[in-house]
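Understanding the architecture of this molecule
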Amino acid sequence: MDLHARRADSFGEQAEAYAEHRPDYPVAAIRWALEPLGTDERLDVLDLAAGTGKLTAGLCAEGHRVTAVEPNEQMLSELVRRVHGVRALPGHAEHIPVPDQTVDAVFVGTAFHWFDQQKALPEIARVLRPGGVLAAMWAEPVTDVEWVRELEQVSASSVESQRQDPVSFMAHPSFTKAEQATFPHTHRRDSPEAALAWINTHSRLLVIDEAERAAISDKILAFLRARPETSNGPFDVPLRAEVYRMVRVSE
Ligand SMILES: C[S@@+](CC[C@H](N)C(=O)[O-])C[C@H]1O[C@@H](n2cnc3c(N)ncnc32)[C@H](O)[C@@H]1O
């Protein structure tokens, strides 16, 4: 298995920690993504690569009928345990286990970069009703803030990050050009140890060997215990949710 595939498949071994320590998404991001549908009604929504249900829970709280699709068994089990009232199905973005034109919106939280996009985009177009929305979002630390930028540097591993420009890799003739918006968010951590637990759920740290991970963990804890912003009691990590929305065009 190549590194990209290993990273894409790495989350399950820490599924419980993922559910416990990863951030959710701001409700404003969900609402903005659905604006092109022009309705406040309950919608049929698919959360693709749903993981342990971080975004699924927000979609359910907005009152939508949600189907969650996730390939990793451990991640899907956590989702089923934690998010109720959702249809949860095993499956991949490249072969979505949902009939043609049955959903109003497809959401993808911090996962679109793991897909084979040439296969996933026509599949997403297939399941969407005409006029439906594809919304891909990423929750990222705000690195304009000095301590957050330094924390990112301290927690880098020998594995490089994968991100490219989503507007180019999401382009597809079945969709309008992506529109982008950014929403502020925060991730409350009670202690340096809780921040470390969050950072350690990222694939760049999940796929490295034990010795490298232990050395990076030591550096992260030393950094967080020394910084005034994070050393005493609970603190908020500033995040931004970057959202890209595209509308399914009729053929
Ligand atoms: C960083 S997690 C994001 C999970 C969740 N959406 C969230 O926001 O917390 C990435 C997820 O993508 C899933 N994934 C990886 N490759 C996939 C693929 N080809 N199709 C669907 N899901 C995939 C992984 O199993 C993992 O649960």
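That block above? That's the structure.
Now for a description of the structure that goes with this document. Note that the structure is predicted; figures quoted are calculated from it, not measured.

About the cut-offs
Residues numbered from 1 in each chain as written. Predicted model: local features only at pLDDT ≥ 70, side-chain atom pairs only at ≥ 80, totals over all residues. Heavy atoms only, no water. Near = heavy atom within 4 Å. Polar contact = N/O pair within 3.5 Å; in protein donor to acceptor, adjacent residues only side chain to side chain. Areas by Shrake-Rupley, 256 points an atom, 1.4 Å probe, with all protein chains shown as cover. Core = buried A, V, L, I, M, F, W, Y, C linked by side-chain atoms within 4.5 Å. Buried < 20%, exposed > 50% of the residue type's maximum accessible area, 1.4 Å probe, protein only. Helix = DSSP H or I, 4+ residues; strand = E, 2+ residues; numbered from the N terminus. Contact = heavy atoms within 4.5 Å. Phe/Tyr/Trp six-rings, centres within 6.5 Å; stacked < 30°, edge-to-face > 60°. Lys NZ or Arg CZ within 6 Å of the ring centre and 35° of its normal. Arc of directions from axis to C-beta.

1. What to know about the site of the ligand
Within the structure, the ligand sits among 21 residues, and Y18, Y25, A49, E70 and G109 are positioned closest to it. E70 has a polar side-chain atom sitting 2.6 Å from an oxygen atom of the ligand. Separating a nitrogen atom of the ligand from a backbone N or O atom of G109 is a distance of 2.8 Å. Contact with the protein chains hides 96% of the accessible area of the ligand, taken as 600 Å² for the molecule alone.

2. Side note on the nonpolar core
Inside soluble globular proteins, nonpolar side chains tend to come together where they are buried. If you look at the biggest cluster of nonpolar residues, it comprises 35 residues, and the most contacted ones within it are L48, V106, V108, F112, F115, I124 and L134. With five residues, the single largest contributor to this core is helix α6 (residues 117-127). Look past the residues within four positions of V106 in its chain and what remains in contact with it is L46, L48, I124, V127, L128, V133, L134 and A135. Grouped together as the second largest cluster of nonpolar side chains are 26 residues, L55, A68, A105 and V133 included.

3. Focus on the environment of Y25
On the secondary structure map, Y25 appears in the loop between α2 (15-21) and α3 (27-34). Judged by relative accessible area, Y25 falls into the buried class, the value being 11%. As for Y25 and E78, which are separated by 53 residues in sequence, their C-alpha atoms are 18 Å apart. Once residues lying within four places of it in the same chain are set aside, the contact partners of Y25 are K54, L55, G109, T110, M137, W138, A139 and H185.

4. Observations regarding the environment of T56
Position of T56 relative to the elements: it lies in helix α4 (residues 54-61). Look past the residues within four positions of T56 in its chain and what remains in contact with it is D47, A50, V66, A68, L79, V83 and V86.

5. Describing the packing of aromatic side chains
Tallied over the full model, the rule gives eight aromatic pairs. When the ring of F11 is compared with that of Y18, the centres are 5.9 Å apart and the planes differ by 85 degrees; the resulting orientation is edge-to-face. For the pair formed by F11 and Y18, the shared burial category is buried. Judged by centre distance (6.0 Å) and plane angle (85 degrees), the rings of W147 and F235 are edge-to-face. Separated by 88 residues along the polypeptide, W147 in helix α7 (residues 146-154) and F235 in strand β7 (residues 235-247) bring together distant segments of the chain. Exposure class is identical for W147 and F235. Each is buried. Counting every residue linked through ring pairs, the aromatic cluster contains F112, F115, W138, F169 and Y244. Seen from the ring of W32, R245 lies directly overhead, with NZ or CZ sitting 4.0 Å from the centre.

6. Remarks on α7
Along α7, the residues classified as buried are W147, V148, L151 and V154. Along the long axis of α7, the arc covered by the buried residues comes to 120 degrees, so they all point the same way. Looking at the buried positions of α7, the neighbouring elements they touch are β5 (128-141), α9 (192-199), α11 (210-226), α12 (228-231) and β7.

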